[in-house]
Amino acid sequence: MPSGRLQLVPILQALLADGILSPASAQRARSAAADARTRELHPLVLLADLKLPRADQGSTEAPVALEMEALTEWLAARCQLPYLRIDPTRIEVGKVSELISLAYAQRHRILPVAVDANEVTIATAEPLALDWLPDLRKLLRREISLRVANPLDLSRYTMEFFGVTRSVKGAREAKGEGPGLPNFEQLVELGSSGEVGADDQHIVHIVDWLMQFAYEQRASDIHLEPRRDTSKVRFRIDGVLHKVFELPTPVMTAAVARIKVLGRMDLAERRRPQDGRIKTRSPGGREVEMRLSTMPTAFGEKCVLRIFDPDTALKPLEQLGFNHVEAESWNELTERPHGIVLVTGPTGSGKTTTLYSTLQRLATPDVNVCTIEDPIEMIAPEFNQMQVQTNIDLTFAAGVRTLLRQDPDIIMIGEIRDLETAQMAIQAALTGHLVLSTLHTNDAPAAITRLLDLGAPHYLIASTLNGVLAQRLARTLCSQCKAPAELDAEEWRHLAGRLMPLPAGATPMGPVGCLECRKTGFRGRVGLYELLTLSPALRAMIRADMELAPFTRAAVEEGMRPLRLAGAEKVAAGVTTIPEVLTVLPTHE
């Protein structure tokens, strides 16, 4: 192909020569290029939009369209340059956007993606038009390493990165540098300082961009963390925190103020923790709930936004990680007319998702489902939801007392934290209601000793508790790059013990790392479940002085599958790995 800007005809000739396009497809592309509206398009964008069938696949296979990434990889190989799929979470936006101007980047279709003391890595969509290279090498006084990137991604991230950097600069200039180090005494003084530029258009742009960025990266939480000079923005993705951006601390202060405005929180109050919520739309058009929490720190207010995607709460149990037997048992437990069903596990183990998914299934038009939560995680039109408000003495116990007068069929209590709430849950179960709630315990049997520790009478626990589900979330291997792996016999024994030999048809897999999973080898999470159903024999073992170990052994003998075996099943199926399962198991396991 000739040097200079990429043209459609030479690209088509090269694709024909490499056997990737058929002559008929090439002619179709030429006809499309005659349209005046397409003349300004990058040739690869035009070809990808046409969804032309690949000519280099077997005749028996279903037609595969020539996608943008495949075209970009082909172009990189043709030009003998490395291919790069831009991962925005790994780019230090502030640093790379200082190297060149937006106009220069757009003119040459380039974008810096990494920089260090000796080298700058630049992504380009025009690998044969490199007349800018010598000048930029002299200007930056560094070696330049080239990568070929998808022209659509390149254009999009060029606009986003330079746009948000311009907003940060504009906000900093409008705000000024502010105090260098606000200590705790100054925070009290700042508490009545009023408006801090929350409605400034630069701040609005920064906050909107961060939220959209978080949706696209599948983040469950956004952390805005103020520091002395430069503050951090981190996303939690698949349970792991990633630093994605840095802001000057005065700009971070204004961004947090903007979020507080959106969440209808007290803007002037910075000394006390506050909670709020935002309902908005993701770039895909779905309604998304966000729960906000702020707290004062040494350098300003730290803000965490927890993102609740309603699509997650509507998943069937099998998609959450339940096997067929567990799903049937759980459905049988939650369809009983009365009794208590508990879900246990640490914070962030998916308890809320399990409960909402279950309640969505149970909330038929002929059933009254009422909840008392702290706070309401997701607004669901099928339920009647009430929020705890301790400032007016609306506690969990008081809420349940109110709900019992609302003619409920099913009551969901956000968490049983104290004896009064436990007593109200038991009372509701005794009077013919199904009660769902959560507890913080290591495993399912420990929920019974936890209720005993709170002071609930053992005979009432035995007569009202139907079952307990303990759960954890383990990262799943990336479906795009996972590969068969040898399973160490000692590791397997450590995980499954003597309870579960390695199944004959097991297909253990290991992480590799690719562009889809950011080179981590993991993408998404799956639930591990331990379901305890109380039989008459197990109920008889519940006493005020009961010992947990014999009770657990009896539960396992009756069919309860411990969490470690649930993890072992997922390892044998090639869903996750032994080290990943071991990181989420209870410490005593």
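For the structure given in this document, a descriptive report is provided here. (Residues numbered from 1 in each chain as written. Predicted model: local features only at pLDDT ≥ 70, side-chain atom pairs only at ≥ 80, totals over all residues. Heavy atoms only, no water.)

**Side note on the nonpolar core**
Piece 1. With 62 residues, the main nonpolar core has Leu136, Leu224, Val233, Phe235, Phe245 and Leu305 as its most contacted residues.
Piece 2. The dominant element in this core, judged by the number of residues it contributes, is helix 10 (residues 201-216), at nine residues.
Piece 3. Other than its neighbours up to four places away in sequence, leucine 305 contacts Met211, Ser220, Asp221, Ile222, Leu224, Ile259, Met290, Arg291 and Leu292.
Piece 4. In this structure, Ile411, Met424, Ala462 and Leu532 belong to the second largest nonpolar core, which totals 44 residues. (Core = buried A, V, L, I, M, F, W, Y, C linked by side-chain atoms within 4.5 Å. Buried < 20%, exposed > 50% of the residue type's maximum accessible area, 1.4 Å probe, protein only. Helix = DSSP H or I, 4+ residues; strand = E, 2+ residues; numbered from the N terminus. Contact = heavy atoms within 4.5 Å.)

**Quick notes on the pattern of salt bridges**
Piece 1. The full count for this structure, using the stated rule, is 27 salt bridges.
Piece 2. Salt-bridge contacts for aspartate 87 lead to arginine 90; the nearest nitrogen and oxygen are separated by 3.5 Å.
Piece 3. Here arginine 561 makes a salt bridge to glutamate 326, at a shortest N to O gap of 2.2 Å. Remark: glutamate 326 occurs in helix 14 (residues 324-334) and arginine 561 occurs in the loop between helix 22 (548-557) and helix 23 (563-572); sequence separation between them is 235 residues.
Piece 4. The exposure class of arginine 561 is buried, given its relative accessible area of 18%.
Piece 5. On the basis of relative accessible area, glutamate 326 is assigned to the buried category, the value being 8%.
Piece 6. Through salt bridges with shared partners, one network takes in Glu326, Arg561, Glu569 and Lys570. (Salt bridge = Lys/Arg side-chain N within 4 Å of Asp/Glu carboxyl O.)

**Quick look at helix 16 (residues 396-403)**
Piece 1. With six of its eight residues buried, helix 16 lies for the most part within the structure.
Piece 2. Contacts from the buried residues of helix 16 go to strand 12 (369-373), strand 13 (384-387), strand 14 (410-413) and helix 17 (419-430).

**Looking at the sheet that holds strand 1 (residues 83-84)**
Piece 1. Reading across from one edge, 1-4-3-2 is the order of the four strands in this open sheet, with mixed pairing throughout. In this open sheet, the two strands that pair with only one neighbour each are strand 1 and strand 2 (110-115).
Piece 2. Where strand 1 and strand 4 (residues 143-149) come together, two bridges link them in parallel fashion. Residue pairing across strands places leucine 84 opposite alanine 149, the latter belonging to strand 4. (Pairing = 2+ DSSP bridges.)

**Section: empty space enclosed by the protein**
Piece 1. This structure, assessed with the given rule, holds one cavity of 30 Å³ or more.
Piece 2. Lining the largest cavity are Val207, Leu210, Met211, Ile222, Leu224, Ile259 and Leu305.
Piece 3. Broken down by secondary-structure element, the contributors of at least two residues to the lining of the largest cavity are helix 10 and strand 5 (219-225). (1 Å grid on protein atoms, 1.4 Å probe; cavity = no way out; pocket = protein on both sides within 12 Å on 5 of 7 lines; lining within 4 Å. Points joined across faces, edges and corners; volume = space filled by probe spheres on them.)

**Concerning the side chain of serine 167**
Piece 1. Mapped onto the secondary structure, serine 167 falls in helix 8 (residues 151-175).
Piece 2. Reaching out from serine 167, the side chain makes a polar contact with the side chain of histidine 205 at a distance of 2.5 Å. (Polar contact = N/O pair within 3.5 Å; in protein donor to acceptor, adjacent residues only side chain to side chain.)

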